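Chain and residue survey
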Amino acid sequence: MAHFAKVAEYSAKHPKPEGIEFAYGTAGFRTVGDTLESTVFRVGLLAALRSQGKQGKTIGVMITASHNPEGDNGVKLVDPMGEMLQQSWEGYCTQVANAASSDELVAALAAVVEAESIDTSVTPRVVYARDTRPSGPLLQAALEDGLAALGTDAASYGVVTTPQLHYFVRCRNTAGTDAAYGEPTEAGYFAKYTGAFLRLVDGKPHPSPLHIDAANGVGAPEVLKLAAAAASPYLSIEVHNGDTVTPGKLNKDCGADHVKSNQRSPVGMALQPGSRYCSFDGDADRIVYYYADERGTFHLLDGDKISTLAATYLRDLVAAAGIDDLQVGVVQTAYANGNSTSYIKDTLRLPTVFAKTGVKHLHHEAEKMNIGVYFEANGHGTVLFSPGAVAKLRRATPQTPAQDDAIQRLWALRDLINESVGDAMSDMLLVEAILICKGWSLSQWDEAYTDLPSRLLKVVVHDRTIFKTTNAEQTLTSPLRLQEVVDALVAKFPRGRAFVRPSGTEDAVRVYAEAATRADCDQLAYLVAGAVFDKAGGRGDRPAEFL
Ligand code: 16G
Ligand code: MG
């Protein structure tokens, strides 16, 4: 195909390493950074085709491996509204990445053009960015070759957070329409979010400083720029773990994933009772909060806590605005703490559904709601306002100053939230705004409910593809009868709950358990992990009992 005339020439500069199979998974391609050059080059080609398939709309490419170790890297595509790549394209990505030769590569690209009836005469448009990883510049150069090979109109945003890139993509594709999202520049991003934040908190007392663990990643310089743009005592921050230069520091013993997984504070942060803390992950699309009580005990406010805080505030505002038929709903995954789910159902009395793990699944469920709040327990999430909800807000005619205030606040919240994807900076401003408006400390926020003890374990098996699940990953359909064993174990423990799912990002099976007490929870996790190991091809050491 003439369209691919230059592909072979460029591809020769970025040969595929032999013996490695790449797969576009939940978070795009992600593996050891040094092996990814050919893949990122090919993602450039795919981004161009995706744009042509969308009549020249702008597609995004983000080079990042998020919370993974510094030596890893990854790449993912961003669709026109700033959402994750449509799932049906994931297979194309995998095929194109694994083509063994230039000829096979061209054939794989031609197959995509054919299957999607792509008009290759359209000029492709792509924007891209990367995080702070050392392998980033080389991978970016490979990406630029891929874009050039198909004559792409391309622009780099340099080093920014993943959600910033999602925002830029959405802004570019909505410019000049009713859905215009903002200026597609860093300054535009900061102005939009800080402006909405300041509108919400105006007139309230100033908060104490917020200590931010930036995981030694791109969130560090960006959140400093955000605070500079706000230039307000309402956003007084202190950045810790902000070293993006010293090799080896990214995500090392710090960041949202580390804090959530280990349930303890990151390196470089000595918690003082009464002070406020949060952690971003390496590409700043996740956030968790935490504090120490008077006895110095660590308390985590994870994605479930953020989700319930946001849902409560939105629910109360909708009621105060006097708007009928505007329902706030919450999307969680099976990892949501059981007590958060009970709190949403029984205390908040809001509808809640479970989605499969992975942002795209939660996002799609939230799109079905009027106002959909979605968060993974790990701190990734956001809020979506449906077109119907926006129309209702537009039509709302306040009868009292209080109703008018509530409506203005709902508009400001909508502007404050990055609807394209979970965003640590935007979520931080959301939490800060709600806490400032309520006059709450982190411990007051934490009072809503107490987490059940939980435990997450990893079991390495010979073949994780034999693990199949249903019911939002809470029930195993394969291996046969393993679910019955899990059910029998769960039944032995008060408030027990457990599930087994294959990881989408690692060659392992994950086991989650919770129960009324720490001892029961650990015992349940151990028993379920042991059953998986014994009955489904465990490899290496059998999971050990907690002592
Ligand atoms: C990816 C997902 C994250 C999910 C995690 C689960 C995106 C952007 N990221 O990092 O949402 O929690 O995978 O990993 O979707 P696992 O399948 O290995 O447990
Ligand atoms: Mg991330």
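Residues numbered from 1 in each chain as written. Chains lettered and ligands numbered in written order. Predicted model: local features only at pLDDT ≥ 70, side-chain atom pairs only at ≥ 80, totals over all residues. Heavy atoms only, no water.

For clarity, the cut-off: UniProt positions are given in the numbering used here, feature names are shortened, and annotations may be inferred rather than shown by experiment.
Per an unreviewed UniProt entry, the chain goes by the name Phosphoacetylglucosamine mutase and belongs to Coemansia biformis. UniProt, in its Sequence similarities (unreviewed entry) section for the chain, records the words "Belongs to the phosphohexose mutase family." What UniProt records for the chain under Catalytic activity (unreviewed entry) is the sentence "N-acetyl-alpha-D-glucosamine 1-phosphate = N-acetyl-D-glucosamine 6-phosphate".

1. With respect to the coordination of the magnesium ion (ligand 2)
Which entries qualify depends on this criterion: Each metal site lists N, O and S donors within 2.8 Å (3.2 Å for Na, K and Ca). With water left out of the atoms, a site can look as if it is missing ligands. Runs of H or I in DSSP of at least four residues are treated as helices and runs of E of at least two as strands, each being numbered from the N terminus. For the exposure calls, accessible area comes from a 1.4 Å probe over protein chains only, and a residue counts as buried if that area is under 20% of its type's maximum, exposed if over 50%, partly exposed in between.
Within the protein, the magnesium ion (ligand 2) binds to S66 (OG), D281 (OD), D283 (OD) and D285 (OD); these donor distances fall in the range 2.0 to 2.2 Å. Going along the chain, you hit the donors of the magnesium ion (ligand 2) in the pattern S-x214-D-x1-D-x1-D. Placement of the pair is S66 in the loop between β2 (58–63) and β3 (72–78) and D285 in the loop between β8 (276–280) and β9 (287–292), with a sequence separation of 219 residues. Like D285, S66 is buried.

2. Comments concerning helix α7 (residues 186–201)
Filter applied, for reference: One less than the residue count of a helix, multiplied by 1.5 Å, gives the span that helix is expected to have. Two residues form a contact once any of their heavy atoms are found within 4.5 Å.
Over its 16 residues, α7 runs 23 Å from end to end, which matches the ideal 22 Å to within 8%, given 1.5 Å per residue. Burial in α7 covers these residues: G188, Y189, F190, K192, Y193, T194, A196, F197, L200 and V201. In this structure, the buried side of α7 is in contact with α6 (162–174), α8 (219–230), α10 (303–321), α14 (401–416) and α15 (424–438).

3. Brief notes about the sheet that holds strand β11 (residues 328–332)
The line we're drawing: One requirement defines pairing of two strands: DSSP has to find at least two bridges between them. Axis definition: a line fitted to C-alpha atoms, limited for helices to the stretch in contact. Angles are taken between N-to-C directions and run from 0 to 180 degrees.
On the basis of which strands lie adjacent, the open sheet formed by 4 strands has the order β12-β11-β13-β14 and mixed pairing. At either margin of the open sheet sits one strand with a lone partner, and together these are β12 (352–354) and β14 (381–385). When the angles between neighbouring strand axes are averaged without regard to direction, this sheet yields 20°. In this sheet, strand β13 (residues 371–375) lies alongside β11 in parallel orientation, the contact comprising 4 bridges. Within β13, the position partnered with G329 by the bridge is G372. Against the sheet, helix α12 (residues 359–367) engages β11, β12, β13 and β14, with an angle of about 160° to β13.

4. Examining the packing of aromatic side chains
Quick note on the threshold: Ring pairs shown here join Phe, Tyr and Trp side chains whose ring centres sit within 6.5 Å, with only the six-membered ring taken for Trp; geometry is labelled stacked below 30 degrees between planes, edge-to-face above 60, and tilted in between. Charge-over-ring contacts are defined here by two conditions on Lys NZ or Arg CZ: a distance within 6 Å of the ring centre and an angle within 35 degrees of the ring normal.
Tallied over the full model, the rule gives 16 aromatic pairs. The ring centre of Y181 lies 3.4 Å from the NZ or CZ of K192, which sits over that ring. Above the plane of the ring of W440 lies K438, whose end atom (NZ or CZ) is 4.8 Å from the centre.

5. A look at the UniProt feature "domain: Phosphoacetylglucosamine mutase AMG1" (unreviewed entry) in the chain
Per the UniProt annotation, the sites labelled "domain: Phosphoacetylglucosamine mutase AMG1" (unreviewed entry) are residues 186–288 and 302–440. The span residues 186–288 carries 34% helix and 15% strand; its end-to-end C-alpha distance comes to 24 Å. Helix makes up 56% of residues 302–440 and strand 13%, and the two end C-alpha atoms of the span are 17 Å apart.

6. A short note on the site of ligand 1
The line we're drawing: Note on terminology: near, applied to a residue and a molecule or strand, indicates that one of the residue's heavy atoms is within 4 Å of it. Counted as a polar contact is a pair of N or O atoms within 3.5 Å, where, for protein atoms, one must be capable of donating a hydrogen and the other of accepting one, and residues adjacent in sequence contribute only when both atoms are in side chains. Areas reported here follow the Shrake-Rupley algorithm with a probe of radius 1.4 Å; residue values treat only the protein chains shown as occluding. Residues are grouped as follows: nonpolar covers Ala, Val, Leu, Ile, Met, Phe, Trp, Tyr, Cys and Pro; charged covers Asp, Glu, Lys and Arg; every other residue, Gly included, is treated as polar. Boundary definitions for the domains trace back to an automatic or database domain assignment.
Close to ligand 1 lie 13 residues; E376, S503, G504, T505 and R510 are nearest. Between ligand 1 and the protein, one listed contact pairs an oxygen atom with a backbone N or O atom of T26 at 3.4 Å. A distance of 2.4 Å is found between an oxygen atom of ligand 1 and a side-chain nitrogen or oxygen belonging to T505. When the free accessible area of ligand 1 is taken as 450 Å², the share hidden by the protein chains comes to 91%. Among the residues forming the shell around ligand 1, the class breakdown is 2 nonpolar, 7 polar and 4 charged. The residue makeup of the shell around ligand 1 includes at least three contributed by each of domain 1 (2–159) and domain 2 (454–535).

7. Quick word on the UniProt feature "domain: Alpha-D-phosphohexomutase alpha/beta/alpha" (unreviewed entry) in the chain
The UniProt record annotates "domain: Alpha-D-phosphohexomutase alpha/beta/alpha" (unreviewed entry) at residues 58–88 and 103–175. Here residues 58–88 runs as 0% helix and 42% strand, with 19 Å between its end C-alpha atoms. Measuring from the first to the last C-alpha atom of residues 103–175 gives 39 Å, for a span that is 55% helix and 18% strand.

8. A closer look at the sheet that holds strand β18 (residues 497–502)
Reading across from one edge, β15-β19-β18 is the order of the 3 strands in this open sheet, with antiparallel pairing throughout. One side of each edge strand has no neighbouring strand; the edge strands of this open sheet are β15 (454–459) and β18. On average, adjacent strands in this sheet sit at an angle of 15° to one another, irrespective of strand direction. Bridge analysis of β15 against strand β19 (residues 509–514) gives 6 bridges, and the strand direction is antiparallel. Paired with K458 across the strands is R510, a residue of β19. Contacting β15, β18 and β19, helix α18 (residues 518–535) runs over the sheet at an angle of about 20° to β15.

9. A word on the domain arrangement of the chain
Here the chain is described as being made up of domain 1 (2–159) and domain 2 (454–535). Spacing between the C-alpha centres of domain 1 and domain 2 amounts to 35 Å.

10. Points about the environment of Y157
In this fold, Y157 is placed in strand β5 (residues 153–159). Y157 sits 80 residues away from L77 along the chain, and the two C-alpha atoms are 15 Å apart. Those residues in contact with Y157 that lie beyond four places of it in its chain are V127, Y128, A129, L165, F168, R172 and P184. A polar contact of 3.0 Å, which involves the side chain of Y157, links it to the side chain of R172.

11. Digging into the packing of α10 against α14
Formally: We call two directions roughly parallel when the angle between them is under 35 degrees, roughly antiparallel when it is over 145, roughly perpendicular when it lies between 65 and 115, and oblique otherwise. Left-handed describes a crossing whose near helix is turned anticlockwise from the far helix by less than a right angle; the clockwise case is right-handed.
As a packed pair, α10 and α14 sit with axes 7 Å apart at the nearest point and diverge in direction by 140°. For the element pair α10 / α14, the angle class is oblique. Here α10 runs over α14; the crossing is left-handed. Here α10 contributes Y313, L314, L317, V318, A320 and A321 to the contact with α14, which in turn contributes A402, Q403, A406, I407, R409, L410 and L413. Split into classes, the residues belonging to the contact of α10 with α14 amount to 11 nonpolar, 1 polar and 1 charged.

12. Here's the deal with helix α13 (residues 387–395)
Residues spaced three or four apart along an α-helix face the same direction, because each turn holds 3.6 residues. Heads up, the condition is: To be clear, the arc concerns the directions from the helix axis to the C-beta atoms.
When we look at burial in α13, the residues that qualify are A389, V390 and L393. In a view along the axis of α13, the buried residues occupy a sector of 100°, so they form one face of it. Every exposed residue of α13 that faces more than 90 degrees away from the buried side is listed here: P387, R394 and R395. As for α13, its buried residues are in contact with β13, β14 and α14.

13. Brief notes about the packing of α10 against helix α11 (residues 338–347)
How two helices sit against one another is set out by the angle between their axes and by the gap between those axes. Packing of α10 against α11 brings their axes to within 10 Å, and their N-to-C directions diverge by 15°. The angle between the axes of α10 and α11 places the two elements in the roughly parallel class. As α10 packs across α11, the resulting crossing turns out to be right-handed. Every residue of α11 that contacts α10 at D304, T308, T312 and R315 is listed here: S340, Y343, I344 and T347.

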